[in-house]
Amino acid sequence: KAVSLFFVIDPNIPLGVKGDPTRFRQILLNLLGNAVKFTEKGEVGLSIDRIKPAEEKAGEQEAICLRFNVSDTGIGIPESRLNYIFEPFMQGDKSVAREYGGTGLGLAISKSYVEIMGGKIWVESTVGKGSNFIFEVPFPVDRKLTEKANKERSKTLPFTKNQSVVLIDKDTRRDLLAY
């Protein structure tokens, strides 16, 4: 396939975010797998943004809300099917099941996991132009883990001592000044 894959992660997300890695991995595998399956050419991407502090209760640890957007330039989903796409055994239409295969369970499982984690998921799509599967989930942040990760991250590498380093990113989506 002539498909480019890109990832953009908000640099303001703390490194001490805690969550359920097994469920989270399954959500991303389902959404990214579908995006690649239904995209013959163009691109598939994942962007992760910190959107706001999550609601906190007195005495609990800090929490943030992250928005994940899995986008593609694939076949898209008809508007009439958008309300049903997260139902078990449902797909965009019957021809999709014949042509691409699958059980129609991945999105239902993803929705269930997102909701179990206290989040919400939805889709925005245009037939022939692609889809955006977006979900928002609150995550607790472990301050000690964040501090430890920041210290490890900011260590000077021996080959950079007293040197200037230039980062060049060939992906035009990234604004180098943001980093």
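Just above sits the structure.
1. Here's the deal with the packing of helix 1 (residues 21-37) against helix 3 (residues 106-116)
For the pair helix 1 and helix 3, the least separation of the axes is 9 Å and the interaxial angle reads 145°. Crossing angle aside, the handedness with which helix 1 passes helix 3 is left-handed. The segment helix 1 lies against helix 3, with Arg23, Gln26, Ile27, Asn30, Leu31 and Asn34 engaging Gly106, Leu107, Ile109, Ser110, Tyr113, Val114 and Ile116. Grouping the constituent residues of the contact of helix 1 with helix 3 by class yields seven nonpolar, five polar and one charged.

2. Some details on the packing of aromatic side chains
All chains considered together, the criterion is met by six aromatic pairs. Relative to Phe133, the ring of Phe86 lies with its centre 6.0 Å away and its plane at 80°, an arrangement referred to as edge-to-face. Of this pair, Phe86 sits in the loop between strand 3 (63-72) and helix 2 (94-100) while Phe133 sits in strand 5 (residues 130-140); the two residues are 47 residues apart in sequence, bridging distant segments of the chain. Each member of the pair, Phe86 together with Phe133, is buried. Three or more aromatic residues joined by ring pairs make a cluster, and in this case those are Phe24, Phe68, Phe135 and Phe139.

3. A word on the pairing of strand 5
Most of strand 5 is tucked away, with eight of its 11 residues classed as buried. The pairing of strand 3 with strand 5 spans 10 bridges and is classified as antiparallel. Each residue of the ladder has a partner; that of Ala63, found in strand 5, is Pro140. Sheet topology places strand 4 (residues 120-126) next to strand 5; seven bridges connect them, and they run antiparallel. Residue pairing across strands places Glu124 opposite Asn132, the latter belonging to strand 5.

Calculation criteria
- Residues numbered from 1 in each chain as written.
- Predicted model: local features only at pLDDT ≥ 70, side-chain atom pairs only at ≥ 80, totals over all residues.
- Heavy atoms only, no water.
- Axes fitted to C-alpha atoms, helices over the stretch in contact; angles between N-to-C directions.
- Helix = DSSP H or I, 4+ residues; strand = E, 2+ residues; numbered from the N terminus.
- Left-handed = near helix turned anticlockwise from the far one by under 90°.
- Contact = heavy atoms within 4.5 Å.
- Nonpolar A, V, L, I, M, F, W, Y, C, P; charged D, E, K, R; others polar.
- Phe/Tyr/Trp six-rings, centres within 6.5 Å; stacked < 30°, edge-to-face > 60°.
- Buried < 20%, exposed > 50% of the residue type's maximum accessible area, 1.4 Å probe, protein only.
- Pairing = 2+ DSSP bridges.

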